[in-house]
Every structure is written in C-alpha cells, then in structure tokens.
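Coordinates in review
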Amino acid sequence: MHEPRSHKVRKILQLEGRAAAWRARYEGTLARIAPARHRSEQFRQQAVAVKVTLTPRELAQLRRARSGV
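Described below are features of the structure shown in this document. Since we're looking at a predicted model, the values are computed, not measured.

The subject of this paragraph is the overall build of the protein chain. What the protein chain contains, in helices and strands, is 2 helices and 0 strands. At 26 Å, the protein chain has a C-alpha radius of gyration far larger than the 11 Å of a compact globule built from 69 residues. Along the first, second and third principal axes, the C-alpha set of the protein chain runs to 85 × 25 × 15 Å. Buried positions account for 0% of the 69 residues belonging to the protein chain. For the protein chain, the computed accessible surface area is about 6800 Å², with 59% contributed by carbon and sulfur atoms. Within the protein chain, the 5 negative side-chain charges are centred at a point lying 9 Å from the centre of the 16 positive side-chain charges.

Parameters at a glance
- Residues numbered from 1 in each chain as written.
- Predicted model: local features only at pLDDT ≥ 70, side-chain atom pairs only at ≥ 80, totals over all residues.
- Heavy atoms only, no water.
- Helix = DSSP H or I, 4+ residues; strand = E, 2+ residues; numbered from the N terminus.
- Rg over C-alpha atoms; globule rule 2.2 N^0.38 Å.
- Buried < 20%, exposed > 50% of the residue type's maximum accessible area, 1.4 Å probe, protein only.
- Areas by Shrake-Rupley, 256 points an atom, 1.4 Å probe, with all protein chains shown as cover.
- Lys, Arg positive; Asp, Glu negative; His and termini not counted.
- Charge placed at Lys NZ, Arg CZ, Asp CG, Glu CD.

Structure below.
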C-alpha cells in the first residue's frame, strides 16, 4: 500500500515542480529573444567594421561624441 508522504517530501516535490515551470518559462523567453540578440550583435559588428575605417579626425569626433562634449 501507499504510505503518506512526509511534509518534507511534499515540499521537495512542490519546489521541484515550481523550478521546472520557471525553467520552461525561462527557456521560452530565451527562444523569443535570441533573434533580437543576434541582430544586436550584427549591429555591433557593423559598427566595429566602420570604426576601423575612421580617420584620426573622425576617431576624435567619435570620442568627443561618446564623452558628451
């Protein structure tokens, strides 16, 4: 016959179930944001590709723009 589960065993099973649900939600969110992350990385790489072609004067302008001057 089945013996009743102790409070600790029930608590562990409950926590494991909640952890699995949160993990599924987390993985679903990652799948939705992956394309945006990929696109942001493409933009960053494009910026780096343009940056290496800057003249010293343009590089100084970029630094000033980033510093807020």
